Amino acid sequence: MSEEQTSIEEEKAPPIDIKKLLKSVLAYGSSDLHLVVGSEPQIRIDKELRPLNLPVLTDKDIEKMSYTILEDKQKKDFEEHNELDFSFELPGIGRFRANYYRTIHGIGCAFRMIPLDIPTLDEYGNPPIFKELIKREKGLILVTGPTGSGKSTTLASMLHEINLTERKHILTVEDPVEFVHKNIKSVFSQRDVGTNTASFASAMKYALRQDPDIILIGEMRDAETIGAALTAAETGHIVFGTLHTNSAPGTINRIIDVFTGEEQAQTRAQLASSLIAVVSQTLIPKIGGGKVATQEIMITNPAIANQIREDKVHQLYSQMQLNQQETKMTTQTQELLKLYEAKKISKEAAIKNSNRPEELRKILDVL
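From a predicted model like this one, the values you see are computed outputs, not experimental measurements.

Caption draft 1: The environment of Thr300, seen in detail. Relative to the assigned elements, Thr300 resides in the loop between strand E13 (291-299) and helix H11 (302-309). Spatially, the C-alpha atoms of Thr300 and Ala272 are 7.8 Å apart, while their sequence positions differ by 28 residues. Among residues more than four places away in sequence, those in contact with Thr300 are Ala272, Leu275, Ile276, Ala277 and Ala305. From its side chain, Thr300 meets the backbone oxygen of Leu275 in a polar contact 2.8 Å long.

Caption draft 2: Inspection of the nonpolar core at higher detail. One finds Met158, Phe240, Ile252, Leu271, Leu275 and Met298 to be the most contacted residues of the largest nonpolar core, which totals 58 residues. The contacts of Ile252, once residues within four sequence positions are left out, are Leu271, Leu275, Val278, Met298, Ile308, Val313 and Leu316. Membership of the second largest hydrophobic core comes to 28 residues, among which are Leu22, Ile62, Tyr67 and Ala98.

Caption draft 3: The arrangement of unusual backbone geometry in detail. Here the amide bond leading from Asp175 into Pro176 is cis, since omega sits at -5°, within 30 degrees of zero. Counting through the fold element by element, Pro176 comes out in the loop between strand E8 (169-174) and strand E9 (187-192). For Lys343, which is not glycine, the phi torsion reads 60° and is therefore positive. Mapped onto the elements of the fold, Lys343 is located in the loop between helix H14 (332-341) and helix H15 (347-352). Overall, Lys343 belongs to the exposed group, its relative accessible area being 67%.

Caption draft 4: Representation of the layout of surface pockets. For the second largest pocket, the calculated volume is near 560 Å³. Lining the second largest pocket we find 19 residues, and of these Gln74, Leu84, Asp85, Phe86 and Thr195 sit closest to its centre. Breaking the lining of the second largest pocket down by element, the ones donating at least two residues are helix H4 (72-81) and strand E4 (83-90). Residue classes in the lining of the second largest pocket are distributed as 5 nonpolar, 7 polar and 7 charged.

Caption draft 5: Summary view of the pairing of E13. Among the 9 residues of E13, 7 are classified as buried, and the element is accordingly described as predominantly covered. Pairing geometry for strand E12 (residues 275-285) and E13, over 9 bridges, is antiparallel. Bridging across to E13, Ser280 finds its partner in Glu296. Hairpin connection from E12 to E13: 5 residues lie between these consecutive antiparallel strands, with Gly288 at a positive phi of about 90°.

Caption draft 6: Spatial organisation of helix H6 (residues 151-165). The first and last C-alpha atoms of H6 sit 22 Å apart over 15 residues, in line with the 21 Å expected at 1.5 Å per residue. The buried fraction of H6 is high, at 12 of 15 residues. Three or more residues of H6 are buried, namely Lys151, Thr153, Thr154, Leu155, Ala156, Ser157, Met158, Leu159, His160, Glu161, Ile162 and Asn163.

Caption draft 7: The arrangement of the environment of Ala350 in detail. Tracing the backbone through its elements, the reader meets Ala350 in helix H15. Residues Ala350 and Gln332 lie 18 residues apart in sequence; the distance between their C-alpha atoms is 10.0 Å. Excluding its chain neighbours within four sequence positions, the residues that come into contact with Ala350 are Leu336, Ile345 and Leu360.

Caption draft 8: Examining the packing of aromatic side chains more closely. Under the defined criterion, the tally for this structure stands at 6 aromatic pairs. Aromatic pair Phe78 and Tyr100: ring centres 5.9 Å apart, planes at 80°, arrangement edge-to-face. You can see Phe78 sitting in helix H4 and its partner Tyr100 sitting in strand E5 (residues 94-102), a full 22 residues away along the chain. Tyr100 carries the same exposure label as Phe78, and that label is buried. Measuring from ring centre to ring centre gives 5.4 Å for Phe88 and Phe96, while their planes differ by 25°; the resulting arrangement is stacked. For the pair shown, Phe88 and Phe96 are each scored as buried. Taken together, the ring pairs in this structure connect Phe78, Phe86, Phe88, Phe96, Tyr100 and Phe111 into an aromatic cluster.

Caption draft 9: How the structure looks around the sheet that holds strand E10 (residues 214-217). With mixed pairing, the 7 strands of this open sheet are ordered in space as E9-E8-E10-E11-E7-E12-E13. Looking at which strands have only one partner, the edges of the open sheet turn out to be E9 and E13. Ignoring strand direction, the axes of neighbouring strands in this sheet form an average angle of 15°. Taken together, the 6 bridges between strand E7 (residues 139-144) and strand E11 (residues 238-243) define a ladder with parallel strand orientation. Within E11, the residue paired with Thr144 across the bridge is Leu243. Sheet strands touched by H6: E7, E8, E9, E10, E11, E12 and E13. Its angle to E11, the strand with the most contacts, is close to 165°. On the sheet, H14 packs against E12 and E13 and is oriented at approximately 145° with respect to E13.

The rules we used
- Residues numbered from 1 in each chain as written.
- Predicted model: local features only at pLDDT ≥ 70, side-chain atom pairs only at ≥ 80, totals over all residues.
- Heavy atoms only, no water.
- Helix = DSSP H or I, 4+ residues; strand = E, 2+ residues; numbered from the N terminus.
- Contact = heavy atoms within 4.5 Å.
- Polar contact = N/O pair within 3.5 Å; in protein donor to acceptor, adjacent residues only side chain to side chain.
- Core = buried A, V, L, I, M, F, W, Y, C linked by side-chain atoms within 4.5 Å.
- Buried < 20%, exposed > 50% of the residue type's maximum accessible area, 1.4 Å probe, protein only.
- 1 Å grid on protein atoms, 1.4 Å probe; cavity = no way out; pocket = protein on both sides within 12 Å on 5 of 7 lines; lining within 4 Å.
- Points joined across faces, edges and corners; volume = space filled by probe spheres on them.
- Nonpolar A, V, L, I, M, F, W, Y, C, P; charged D, E, K, R; others polar.
- Pairing = 2+ DSSP bridges.
- Expected span 1.5 Å × (residues − 1).
- Phe/Tyr/Trp six-rings, centres within 6.5 Å; stacked < 30°, edge-to-face > 60°.
- Axes fitted to C-alpha atoms, helices over the stretch in contact; angles between N-to-C directions.

In structure tokens, the structure reads:
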């Protein structure tokens, strides 16, 4: 090979093999990988970014690396819109969710690691009440929380539990598809927004004609999608959905606020009759490393339903604190206190991640 040919090959080759990099990142137990111009590759461990001992990346470096795993259609979409969401699997390595975007300095990439093996509810450490909730015949179950709070894993565990125990048709609509389920007892139809369907709203428009028993909506973004989810939940289907909200009362307000004033009364009535539960989840760094989940759980009973219907959402939190041994409800403050008293999390981490820091601080000051 001539010197000129060698030079051309070196120019075409990416500075770092992205597949090898992703494989090594998994070995660190990282949740995310970031490629940003002017920085070495960085990984997220226990909510903190840590640089890898690799060269600082240029825009051309990232373009060469990132394009090696894109199909032609994806390259075209990214070049037209400057944004790209997709998921992919590297055989023998793992599954990943990716987002490509453009900054003032060039291309940026964020990769989220997705376990190939879906944990059961018990393996993930979820409370026993979850197994009761997923046996309901119809209604809406919402898992909420900030980005990176483990919502997808919790929902995947719920669907996996159903898959292990019941014969159902489970339809998922995601952007993009993260956990890929194998047909065990149930049958899965998993749809990727942008690839298999135009949008969440479009997929939900035709969902009921596909004879599902259970529907998972990856994100309830707009009034049309939320309205379709409520209708499906009322008409004999279990519907799972996610929102980026931090508490059960905040979730109810977010759903209602999506609709116009004249539509809100009907939405409250639909929620009151169809909502099964809201699980609001946060991942918190553990003492000594790792993360632990806190799950605030609101389960609809006659009192909760009445407060939603009567637009008394501000009273939901107090209702969640009553007769908890019977209702199986819990608040985030209570879960944080349990973790702190068990010496699993620090006082600082508890307060920093609390939805009600003043309430928690007062209790902790007494302890």
